[in-house]
Amino acid sequence: IWLFMTPVSVASPRARLYQRIFTQLWPELGVRHQNILPVNLRDIAQRYDVLWAISRYTQRWIHAYWNLSSTLLYPPVSVERYLPHCKRPRILSVGRFFAGNHNKKHIVMVQAFQQLIDEGLSGWELHLVGGVTPGAGHQDYLRQVRDAAQGYPIHIHTDLPNQQLID
């Protein structure tokens, strides 16, 4: 079985122009153009023998965007490695820290948790865990998340070894 992944790139002069304009005029909005998909992605996807979706949510959007069917294949997880521990008042979110489309909305989670604390929730902690994508824009995004979390029981853990995440 051969697996080929199409590299993501800005595929049109118009997209490159928009990227330049947004990056120069509105740097805070420029990250919206960092993960642009090729204009002809549907055509590319149609050439594959099988499209795998990693969740029903992804499967639904593959169909909605491109009217293509996909096979559901959940990512492999050794569930026996993740034994339940005693319950603690913690919320854990695991997701890569990166700027641009489809980031994990860490700042939104921070703001929602802050609102809960401000409205009287006590004794709870929010833990955000994830790898950090290289690059200045992504580092700036992580800095924004850290700045937003200041003064609240919010802990940011970056690039944890797998065993530490499991623990």
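Residues numbered from 1 in each chain as written. Predicted model: local features only at pLDDT ≥ 70, side-chain atom pairs only at ≥ 80, totals over all residues. Heavy atoms only, no water.

Visitor: Any chance you could explain the nonpolar core here in plain terms?
Guide: Nonpolar side chains in soluble globular proteins generally cluster together in the buried interior. Core analysis: the largest hydrophobic core is formed by 13 residues, its most contacted members being F97, V110, L126, L128, V145, I154 and I156. Looking at this core, the elements with two or more residues in it are α5 (106–118), β4 (125–130), α6 (136–149) and β5 (154–158). At 4 residues, α6 tops the list of elements feeding residues into this core. For V145, the residues in contact, after removing those within four places along its chain, are F97, H106, I107, V110, L128 and I156. One finds A45, A53, I62 and L68 within the second-largest nonpolar core, a separate group that totals 5 residues. (Core = buried A, V, L, I, M, F, W, Y, C linked by side-chain atoms within 4.5 Å. Buried < 20%, exposed > 50% of the residue type's maximum accessible area, 1.4 Å probe, protein only. Helix = DSSP H or I, 4+ residues; strand = E, 2+ residues; numbered from the N terminus. Contact = heavy atoms within 4.5 Å.)

Visitor: What's the story with the pairing of strand β3 (residues 90–94) in this structure? I'm lost.
Guide: For β3 and β4, the ladder comprises 5 bridges, and the chain directions are parallel. Looking across to β4, one finds that V94 is bridged to V129. In the classification by handedness, the crossover that spans β3, the intervening α5 and the parallel β4 is right-handed. (Pairing = 2+ DSSP bridges. Right-handed = clockwise from strand over helix to strand, strands pointing away.)

Visitor: Got a minute to help me understand the sheet that holds β5 in this structure?
Guide: Spatially, 3 strands are ordered β3-β4-β5 in an open sheet, and the strand pairing comes out parallel. Among the strands making up the open sheet, the edge pair consists of β3 and β5. With direction set aside, neighbouring strand axes in the sheet form an average angle of 15 degrees. Note that β4 and β5 share 5 bridges and pair parallel. Paired with L128 across the bridge in β5 is I156. Running over the sheet, α5 touches β3, β4 and β5 and is turned about 170 degrees from β4. The strands that α6 touches are β4 and β5; relative to β5, the one it contacts most, it runs at about 155 degrees. (Axes fitted to C-alpha atoms, helices over the stretch in contact; angles between N-to-C directions.)

Visitor: It is not clear to me how the environment of R146 should be interpreted in this structure. Could you clarify?
Guide: Here R146 shows up in helix α6. Remark: the alpha-carbon pair of R146 and I107, spanning 39 residues in sequence, is separated by 8.9 Å. Setting aside its immediate chain neighbours within four residues, R146 contacts I156 and T158.

Visitor: What's the story with unusual backbone geometry in this structure? I'm lost.
Guide: Negative phi values dominate among residues other than glycine, just as trans dominates among peptide bonds. The phi torsion at N67 lies on the positive side, around 55 degrees, for a residue other than glycine. In this structure, N67 sits in the loop between α4 (56–66) and β2 (71–72). Located in the positive-phi region is K105, a residue other than glycine, with phi close to 55 degrees. In this structure, K105 sits in the loop between β3 and α5. Residue K105 is classed as partly exposed on the basis of its relative accessible area, which comes to 45%.

Distances and angles like these do not, on their own, reveal function.
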